Amino acid sequence: MRGSEKFYEELKRGNHLVKVSEETFTCPYCQMKNKRHYIYKELLRHAYGVGESGKRSKREKARHFALAKYLVQDVASGGGSSKPGGDVLVDHDYDEKYVWPWTGVIVNVPANLVDDGKYARGRGFKLRDELKRRGFKPTQVQTVWNSRDHSRAALVKFDKDWCGFSDAIRFEKAYEADHHGKKEWYAKSNDIKLGLYAWVARQDDYNLKSKVGYELRKNGDLKTISQIMAEEARKQDQLVNNLTNIIEEKNQHLHEMELKYSASTVSLNNLMEEEDRLLQFFDEEIKMVQLKEQDQLRSILKDLKQVQSNLEAERTNLELQEKDLEKREKDLEKREAENESIRKQVAEEIEMNAMGNISLEFAASEQLKGDENVLKLADDQKRQREELYNWIIQLDKHLDSKETLELEFKQLTGTWLFGSNCPQPWPVLALLPMGGDGDVEVLKKVEAILKELREKERQLEYEKTLKQTLVIKDHKRNDELQEARNELINGLKLMPSHTFVGVKGMGDLDSKPFVEAMKRKYKEEEAEVRAMELCSLWMEYIKDHNWHPFKVRKVEEGPKEFVDNEDEKLKGLKKELGNKVFDAVTKALIEINEYNPSGRYIISELWNYQEGRRATLKEGVNLLIEQWRKKKHDMQLE
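Cut-offs used in this document
- Residues numbered from 1 in each chain as written.
- Predicted model: local features only at pLDDT ≥ 70, side-chain atom pairs only at ≥ 80, totals over all residues.
- Heavy atoms only, no water.
- Pairing = 2+ DSSP bridges.
- Helix = DSSP H or I, 4+ residues; strand = E, 2+ residues; numbered from the N terminus.
- Expected span 1.5 Å × (residues − 1).
- Buried < 20%, exposed > 50% of the residue type's maximum accessible area, 1.4 Å probe, protein only.
- Contact = heavy atoms within 4.5 Å.

A.B. asks: Teacher, can you tell me more about the sheet that holds strand β9 (residues 501–506) here?
C.D. replies: In sheet architecture, strand pairing relies on hydrogen bonds along the backbone and comes in two forms, parallel and antiparallel. Taken in spatial order, the three strands line up as β9-β12-β13 in an open sheet, and their pairing is antiparallel. Both outer strands of the open sheet, β9 and β13 (613–614), are each paired with one neighbouring strand and no more. By the bridge criterion, six bridges tie β9 to strand β12 (residues 603–608) in an arrangement that is antiparallel. Its bridge partner being in β12, V501 is matched across the sheet by N608.

Right, here's the structure in full:
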């Protein structure tokens with residue numbers, strides 16, 4: 001049992017107080033501070049008004065609809081104020097015709113009870129007040145002047161319900177008890193009749209040819225009690241039917257709202273579960289990315305330590321080479337000194353040749369020893385020159401590379417031996433053996449190479465400076481162009497999109513194919529909801545860095561990435577939703593991989609829709625100029 005039926009059953013069981021007395025009622029559902037007593041019609045009007053109100057809650061409206069149904073079906077049929085009581089209709093003929101609305105007739109009205117003044121216009125205020133003082137409840141009193149016999153009469157109107165009929169009968173019986181009823185008024189007597197005579201208007205009064213009859217016919221009708229009761233029963237039945245239909249409609253509407261609420265609740269729960277699942281998936285992905293980053297960082301730190309270790313080993317090796325070269329330098333100086341000493345000794349011995357054969361033989365033997373030493377020293381110098389020549393040839397082979405040139409330059413200038421604090425500009429010259437024509441030529445060749453290296457060093461520094469300047473200018477110009485392009489894109493977003501140049505979201509997923517695919521499976525409203533859910537899900541897949549459905553192929557221009565049609569997700573999508581949805585997803589993948597592969601989010605781009613390509617800055621500026629001219633022309637026409 002739903003809605004108002006439940007409250008109606010509670011009212012029938014007497015769980016709530018409705019009827020206070022025979023003529024007064026109260027609303028059991030209003031707050032205590034608003035409690036008041038109603039007559040039957042007022043309470044029925046109150047219950048129906050609250051039930052139709054749009055500002056009350058569904059529970060309040062259902063309660064008051066149940067109250068209205070209870071008043072009509074139970075209270076009215078059980079003796080409410082709208083039904084005639086048994087004591088009212090006692091000794092009354094149900095087929096006797098009365099003037100309705102219930103009207104009393106008062107005759108022989110004295111002048112002191114008739115209102116004077118131009119604003120009275122037949123309104124018997126004094127007479128009405130007199131009747132109220134006697135305990136009657138007239139709603140209106142109308143005085144009537146009969147010009148034929150110059151008499152005054154009055155028509156007293158009562159309520160149209162059975163309470164009014166009861167009051168009218170009581171009014172008639174009160175005057176009959178004083179022998180001032182209709183019978184006494186029409187009785188023939190020679191005595192002068194004093195005082196008021198009154199009765200309830202019936203058919204004979206209605207058919208009078210006097211002013212009283214005219215007013216009764218003008219403002220009332222003849223009806224029997226049976227007719228009035230049948231008419232009220234018909235009206236109540238119609239009211240019951242109307243209220244029943246309204247209650248059924250409200251219950252049906254309430255049932256539909258409950259179904260919609262249930263469907264919305266299920267859909268909302270599904271969305272919340274999907275959101276929780278996506279959040280959990282994202283949290284797991286973030287943890288995996290963090291773990292990968294930590295592993296990469298450990299690997300980098302490990303490689304850095306290895307590089308540092310290699311550098312330390314290389315530095316140690318260089319120090320050993322430096323010590324070896326210093327030792328070789330000292331040996332060469334020592335041999336040169338010995339060679340010079342031997343030469344002096346040979347010269348002195350030749351001068352003393354005349355001293356005798358003994359001295360000559362001794363000198364010849366000494367000369368032979370000196371020649372052996374000279375030959376040995378010459379062989380050492382030749383071997384060192386050959387090593388130097390090989391070094392120079394190897395240096396020439398590496399001059400083409402920029403990095404090799406800098407390294408050899410440091411080696412030749414002694415930086416690799418002594419570091420950046422070398423006191424002499426060309427310390428390597430001190431390592432070369434001195435003496436002989438071959439040594440001079442080697443020194444000249446080394447000096448020429450060093451001169452060429454200095455020139456190349458200056459040229460290299462100039463080219464580095466020039467390149468750095470050009471790179472800075474190019475970056476600045478590109479930044480300015482990109483700022484202008486971004487401003488142009490932001491401006492075009494506010495313009496109508498029917499032009500051939502506009503703003504396009506690169507990587508944005510078109511939802512139309514999803515809606516068309518879902519309409520083949522679901523109803524239109526549910527299809528749109530399903531399509532939006534699927535479109536959002538695939539947009540998240542596209543933004544996922546861990547999903548990269550591309551494969552590399554070699555083309556004429558070089559390696560290029562293409563969408564992998566054998567990807568499991570894409571194959572499942574194509575099989576389930578068709579080619580149009582598959583094409584929309586692959587198109588978004590290609591765009592986001594081309595324009596934002598690292599961020600994987602949608603970016604705005606200036607687009608030429610007519611040719612299907614990225615629009616130039618010039619095309620965007622031309623479009624703005626064209627729009628400005630058109631607007632200026634329209635303003636001139638206005």
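There's plenty left to go through after this.
A.B. asks: How do you make sense of helix α17 (residues 579–595) when you look at a structure like this?
C.D. replies: Helical geometry: 3.6 residues make up each α-helical turn, so side chains three or four residues apart lie on a common side. The terminal C-alpha atoms of α17 lie 24 Å apart, and with 17 residues this matches the ideal 24 Å at 1.5 Å per residue to within 8%. All of the buried residues along α17 are V581, F582, A584, V585, T586, A588, L589, E591, I592 and N593. Against β9, α14 (512–519), α15 (524–543), β10 (550–555), β11 (558–563) and α16 (568–577) lie the buried residues of α17.

A.B. asks: It is not clear to me how the environment of S4 should be interpreted in this structure. Could you clarify?
C.D. replies: The residue S4 is located in helix α1 (residues 4–12) in this model. Residue classification places S4 among the buried residues on the basis of a relative accessible area of 3%. Between the alpha carbons of S4 and N251 there is a distance of 7.7 Å; along the sequence they are 247 residues apart. The contacts of S4, once residues within four sequence positions are left out, are A62, F65, A66, I247 and N251.

A.B. asks: How should unusual backbone geometry be read in this particular structure?
C.D. replies: Across the chain, the bulk of peptide bonds are trans and the bulk of non-glycine residues have phi less than zero. The residue after W100, namely P101, is reached through a cis peptide bond having omega 5°. By the secondary structure assignment, P101 is in the loop between β3 (97–100) and β4 (103–107). The phi dihedral of N108 falls on the positive side, at around 60°, and the residue is not glycine. Along the chain, N108 falls in the loop between β4 and α4 (125–133). We classify N108 as partly exposed; its relative accessible area is 27%. Its identity as a non-glycine residue notwithstanding, H179 has a phi of 60°, on the positive side. Tracing the backbone through its elements, the reader meets H179 in the loop between α5 (162–177) and α6 (182–186). According to the relative accessible area criterion, H179 is exposed, its value standing at 57%.

Everything listed here is a matter of coordinates, which is why it stays silent on function.
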